[in-house]
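An overview of the molecular structure
So the chains spell out like this:
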Amino acid sequence: MKQTLRSLAEKIGCRLIGSGAIKVTAVSSLRSANKDSLVFVENEEHLKTALASAAAAIIAGEFAMPDSAGKAARKPLLISPHPRLAFARAERLLGGAESHRAVHPSAIVAASARLGKKVAIGAGVIVGERTKIGDESTIGSGCVIGDATGVPAADGVVIGSHCSIDANVTIYPGTILGNRVVVQAGAVLGSAGFGYVKDSETGRYERSPQIGRLVIEDDVEIGANSTIDRGALDETRIRRGAKIDNLVHIGHNVQIGENVVIAAQTGLSGSVIIEDNVIMGGQVGIGDHARVEAGAMLGGQCGILPKKVVRGKGVFWGTPARPVKEYLKELAFLSRSAKKGR
Amino acid sequence: MKQTLRSLAEKIGCRLIGSGAIKVTAVSSLRSANKDSLVFVENEEHLKTALASAAAAIIAGEFAMPDSAGKAARKPLLISPHPRLAFARAERLLGGAESHRAVHPSAIVAASARLGKKVAIGAGVIVGERTKIGDESTIGSGCVIGDATGVPAADGVVIGSHCSIDANVTIYPGTILGNRVVVQAGAVLGSAGFGYVKDSETGRYERSPQIGRLVIEDDVEIGANSTIDRGALDETRIRRGAKIDNLVHIGHNVQIGENVVIAAQTGLSGSVIIEDNVIMGGQVGIGDHARVEAGAMLGGQCGILPKKVVRGKGVFWGTPARPVKEYLKELAFLSRSAKKGR
Amino acid sequence: MKQTLRSLAEKIGCRLIGSGAIKVTAVSSLRSANKDSLVFVENEEHLKTALASAAAAIIAGEFAMPDSAGKAARKPLLISPHPRLAFARAERLLGGAESHRAVHPSAIVAASARLGKKVAIGAGVIVGERTKIGDESTIGSGCVIGDATGVPAADGVVIGSHCSIDANVTIYPGTILGNRVVVQAGAVLGSAGFGYVKDSETGRYERSPQIGRLVIEDDVEIGANSTIDRGALDETRIRRGAKIDNLVHIGHNVQIGENVVIAAQTGLSGSVIIEDNVIMGGQVGIGDHARVEAGAMLGGQCGILPKKVVRGKGVFWGTPARPVKEYLKELAFLSRSAKKGR
């Protein structure tokens, strides 16, 4: 959606330097800038490149302010204390062109499903019985939502408004999604957890009941091919604003707090609790029933033992995870000793 | 399927205390119990909660037996030495309601495919030439079974009876599944292995032939988005009763023994042998041609080098994996030394 | 495609010993050899098995040459300095039977898509607007190529010639693939990267623009259920001949060099650079903005810190990764000390 710089600057909270009448149609990188695009820079050096580029205008920090000596900017500037955040918001405003919002004729939508206004449903999508999809949500082609093939009387799926579910996603019956949830391609939501009981006579395993559900709150985002199991008896819950990368595994009964960030390929075993604002690197592994307290940071590949409680806001690393300073001391000691020790 | 407590107790091997005429329709958690549901408890404390809940009846251990002093139970009890196992079996019995078992009209089933009795096939499923599917098996919506697009004369897929294949699963041509196999959404069975030959003149890689097959025996369960490669020349084989969690990778020519348990995100390189009853934590990595002997337990994130043989029934941890006692000693030594060593 | 040994030997660069008129129809393993199949062996012991098998002919090294003493071969031999490579090439030549190459009537191909000659498109495939697919490429059933459900004016996908895209793959709009690219089932190409900006006032995250693209060059192969994100502003690029195993994660803006080999479940964070000919084991993790120089080998499960540069052609192992000799020395020191130290 084409916008004037004046209008855009106002909406994203920037100070405008230069002509507000100029219009832009999209954000772009410096390298692919064109005469209709808006770019952003975070330092002096990139500013020079941006000024020399074809871009229509530049989002930048205070450092870019033309000085009183008359060094006038050669392009309109949108000055923000947080240029990257302003840029992210500009993208959302400019990206909001009218898209085709309809149900593709090849989609198979159950009679009892209820769709909100302006819901877009792609080709070949399957929407099961009793599914509810809120206003302006999008379901990408090839998704299977609430499949109940061969299953008696399964619960419907509930998807809030303004959600974006990409292609080939599978959502099991009974899963509940809030508003503005983003799910990338191939993710699986609500699968059965990995819980078995061993029959001590035969040595064989039988699956424990996995009859709970998965609840995903507002503004959660989930990466491609990630898998999240439903609760065994009660629920798995991902709280508001959590961001989850690709190929992440989340086991049954797990509780993820608000604004938690989980990088790719991390795995959480059953009944793990991650409190608010925890940040986890990639390939972290957490044993069942462990708890990570609010604000902790877990370094990439670290491992937390089952039932362990990670306390406090520090940074933790290694397997088993310990405060990063301790771990670095251990590594240094080991390196030194091995060298002289020969 | 509604059942009387008397009939249920008999089928799952419990001693019934109280009225056998009462009927239940489902299992449930304590929290979501209602007047038609059966719950289970494993200790005294939960028993109190269960007795106070709306549940119709309770599966419990011997500890729940009303004592002779007339402390009569306020609800019917089903007493079992293994309450969790009894509960799992009750769920299977109660869950067996008549489900809609049919081939969805949008499924595309090749003329040469042969389907057993009461096979359920979801919407948009593709079933390739020469596929065989046994009685009462279920294929979820969006699955692609034995796709031979552009491939000449591919073998059919064989799926046994009472299998449950969830939505969006891909099974490559030539794959063979036994009976009662469970495959969760998004899993890929029978993909080509990661085997290349380097052309020493050009430095480029060419794929070695990956013309073997994948055989999955009875009662195996496979988690969401896991991938299992077919054999290069001969076969990859997952033996009876093995349980595999989400996002697990199993390379070409791997042999997995009976009742092996593999937690999420573990990866097995080509030609690995895992003997019977091995238990593996999450994110374990095993190099090609390694062998893990029967009954070993591998701790989460541990790593086994290529060609290594892990002997005996002990517990192993760390990378490279060693007996857990040794590893814990090493960790303790390191922590101590780094602290005083400064 | 049935071929005479004479013609085959010529095409794959082998010396033929024995009758060139004999025809073979396929390659096979020793175990599944039959009278029409070609097998290969790399040592004296397997040669005996091969000679005793039903195989029509044998690819072998110089060691298999019949000696002057008249020890004539009992089967035709194709002698090569690289028997495994010759075998791989024989498989490709024999496998090239005429396959059914057509667009399945259930596929939904946008009016503006352009397909080359002999393109095969499976059942239920979705091909979005402005997609281009080159000659003799194959798109497996259930793939979603360039889905633009609810997205305004998305770019088309470009797929070169002789590509092989297996079932249930998702390719996001704007992704570009070269020629002879292989993508196995369930892989996701071009998803949005994991980049967020924190709003310091609310503590919430907002996604940074992820408006770049993904470019995959000729002869790249990608395993099942792997995920590759598009560039944030510019591009993610996988260079010619790179081979990527199953369940691998590649973040936004990553650059992968020519002939790089990446084993299963390895994860590369955003903006990582992997130079030519690097070989990476399974479950390796690399932090954002790290660089691995040409020719390095990274052992399984090793971890590279963000921004780290790994220099030289050596072998690296451990987390944080160090030269393997150093790491082994450290492990030996630790084991020794813990034992005596008690």
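**Points about the overall build of chain A**
Of regular secondary structure, chain A possesses four helices and 40 strands. Referenced to the eigenvectors of the C-alpha coordinate spread, the extents of chain A come out at roughly 85 × 75 × 30 Å. Contacts in chain A between residues far apart in sequence, at least 24 positions, make up 27% of those at least 6 positions apart.

**Notes on unusual backbone geometry**
A cis geometry characterises the amide bond from Thr-319 of chain A onward to Pro-320 of chain A, with omega recorded as -5°. Take Pro-320 of chain A: it is sitting in the loop between strand 39 (315–317) and strand 40 (322–323). Phi at Asp-219 of chain A takes a positive value of approximately 65°, unusual for a residue other than glycine. Mapping Asp-219 of chain A onto the fold places it in the loop between strand 23 (213–216) and strand 24 (221–222). You can call Asp-219 of chain A buried: it has 21 C-beta atoms within 10 Å. Although it is not a glycine, His-289 of chain C adopts a positive phi angle of roughly 65°. Relative to the helices and strands, His-289 of chain C is located in the loop between strand 34 (285–286) and strand 35 (291–292).

**So, the relation of the copies chain B and chain A**
Mapping between the two chain copies consists of a rotation about an axis together with a translation along that axis. With an RMSD of 0.1 Å, the fit of chain B onto chain A corresponds to turning through 120° and sliding 0.0 Å along the axis. Given the turn and translation reported, the copies of this chain are related as if by a three-fold rotation axis. Interface overlap between copies: only 15% of the residues of chain B at the interface are likewise at the interface in chain A, consistent with a contact formed by different surfaces.

**Notes on the domain arrangement of chain A**
Examined at the domain level, chain A breaks down into domain 1 (3–94) and domain 2 (108–326). Relative to domain 2 of chain A, the C-alpha centre of domain 1 of chain A lies at a distance of 38 Å.

**Quick notes on the sheet that holds strand 11 (residues 126–127) of chain C**
All names here are of chain C. The 10 strands lie next to each other as 8-11-14-17-20-25-28-31-34-37, forming an open sheet whose pairing is parallel. Lying at the two open borders of the sheet, with one neighbouring strand each, are strand 8 (108–109) and strand 37 (303–304). In the sheet, strand 17 (residues 170–171) pairs with strand 20 (residues 188–191) via two bridges, with the strands oriented parallel. Pairing of Ile-171 across the sheet is with Leu-189, part of strand 20.

**A look at the sheet that holds strand 15 (residues 158–159) of chain A**
Residues and elements named next belong to chain A. The sheet built from 10 strands is open, its strands ordered 9-12-15-18-23-26-29-32-35-38 with parallel pairing. Because the sheet does not close on itself, it has two edges, and the strands there are strand 9 (114–115) and strand 38 (309–310). In this sheet, strand 32 (residues 273–274) lies alongside strand 29 (residues 255–256) in parallel orientation, the contact comprising two bridges. The residue bridging Ile-256 from the neighbouring strand is Ile-274, located in strand 32.

**A few points about the interface of chain C and chain A**
On the chain A side, the residues contacting the 48 residues of chain C number 52 residues. Elements represented by at least two residues in the side of chain C that touches chain A include exactly strand 20, strand 21 (196–198), strand 22 (205–207) and helix 4 (324–341) of chain C. Across the side of chain C that touches chain A, the residue classes break down as 18 nonpolar, 22 polar and eight charged.

**Section: the relation of the copies chain C and chain A**
Mapping chain C onto chain A calls for a rotation angle of 120° and an axial translation of 0.0 Å; the resulting RMSD is 0.1 Å. Here only 17% of the contact residues of chain C are again contact residues in chain A; the copies associate through non-equivalent surfaces.

**Examining the pairing of strand 6 (residues 57–60) of chain A**
Residue and element names in this part refer to chain A. Residues Ala-57 and Ile-59 of strand 6 are buried on one face, and the alternating residues Ile-58 and Ala-60, pointing to the opposite face, are buried as well. Pairing of strand 5 (residues 37–40) with strand 6, which is carried by three bridges, proceeds in the parallel orientation. Residue pairing for strand 6: Phe-40 is matched across the bridge by Ile-59.

**Here we look at the interface of chain B and chain A**
Counting residues at the interface gives 52 residues for chain B, matched by 48 residues for chain A. Taken together, the elements giving at least two residues each to the side of chain B that touches chain A come down to helix 3 (83–95), strand 13 (138–139) and helix 4 (324–341) of chain B.

**Brief notes about the environment of Ala-242 of chain A**
All names here are of chain A. Among the structural elements, Ala-242 can be located in the loop between strand 26 (235–238) and strand 27 (243–244). Here Ala-242 falls in the buried class, since 25 other C-beta atoms lie within 10 Å of it. Separated by 130 residues in the primary sequence, Ala-242 and Ser-112 have C-alpha atoms spaced 31 Å apart. When sequence neighbours within four positions are dropped, the list of residues in contact with Ala-242 reads Val-220, Ile-256, Glu-258, Asn-259 and Val-260.

**A few points about helix 3 (residues 83–94) of chain C**
Residue and element names in this part refer to chain C. A rise of 1.5 Å per residue sets the reference length of helix 3, with its 12 residues, at 16 Å; its end C-alpha atoms lie 16 Å apart and thus fit the reference within 8%. The element helix 3 is largely enclosed, with a buried count of 10 among its 12 residues. Residues Pro-83, Arg-84, Leu-85, Ala-86, Phe-87, Ala-88, Arg-89, Ala-90, Glu-91 and Leu-94 constitute the buried set of helix 3.

**Regarding the pairing of strand 21 (residues 196–199) of chain B**
All names here are of chain B. With four bridges joining them, strand 21 and strand 22 (residues 204–207) adopt antiparallel strand pairing. Among the inter-strand pairings, Val-197 is bridged to a residue of strand 22, identified as Glu-206. Once strand 21 ends, the chain turns through four residues before running back antiparallel as strand 22, passing Gly-203 with a positive phi of about 75°.

**Concerning the environment of Thr-266 of chain B**
Residues and elements named next belong to chain B. Along the chain, the position of Thr-266 falls in the loop between strand 30 (261–262) and strand 31 (267–268). Thr-266 gets classed as buried once you count the C-beta atoms within 10 Å, which come to 27. Between the C-alpha atom of Thr-266 and that of Leu-247, which follows or precedes it by 19 residues, the distance is 7.6 Å.

**Thoughts on the environment of Val-41 of chain A**
All names here are of chain A. One can find Val-41 in the loop between strand 5 and helix 2 (44–52). Separated by 42 residues in the primary sequence, Val-41 and Pro-83 place their C-alpha atoms 7.1 Å from one another. In this view, Val-41 contacts His-46, Leu-47, Ala-50, Ile-58, Ala-60 and Pro-83; residues no more than four positions away in its chain are not counted.

**Some details on the packing of helix 1 (residues 5–12) of chain C against helix 3 of chain C**
A pair of packed helices is captured by two measures, namely the crossing angle of their axes and the spacing between those axes. Residue and element names in this part refer to chain C. One way to put it is that helix 1 packs onto helix 3 with a least axis distance of 10 Å and a crossing angle of 120°. It follows that helix 1 is oblique to helix 3 by the angle criterion. Our pair here, helix 1 against helix 3, has a crossing hand that is right-handed. Contact with helix 1, carried on its side by Leu-8, Lys-11 and Ile-12, involves Ala-86, Arg-89, Ala-90 and Leu-93 of helix 3 and no other residues of that element. Looking at side-chain class alone, the contact of helix 1 with helix 3 contains five nonpolar, no polar and two charged residues.

**Describing the confidence of the model for chain A**
On average, chain A scores 92 in pLDDT, and the residues at 70 or more come to 95%. This prediction of the complex comes with two scores: 0.91 for pTM and 0.89 for ipTM.

Criteria and thresholds
Residues numbered from 1 in each chain as written. Chains lettered and ligands numbered in written order. Predicted model: local features only at pLDDT ≥ 70, side-chain atom pairs only at ≥ 80, totals over all residues. Helix = DSSP H or I, 4+ residues; strand = E, 2+ residues; numbered from the N terminus. Contact = placed C-beta atoms within 7 Å. Buried ≥ 20, exposed ≤ 12 C-beta atoms within 10 Å, placed from the backbone. Least-squares fit on C-alpha atoms with pLDDT ≥ 70 in both. Domains from an automatic or database assignment. Pairing = 2+ DSSP bridges. Nonpolar A, V, L, I, M, F, W, Y, C, P; charged D, E, K, R; others polar. Expected span 1.5 Å × (residues − 1). Axes fitted to C-alpha atoms, helices over the stretch in contact; angles between N-to-C directions. Parallel < 35°, antiparallel > 145°, perpendicular 65-115°, else oblique. Left-handed = near helix turned anticlockwise from the far one by under 90°. pLDDT = per-residue confidence, 0-100.

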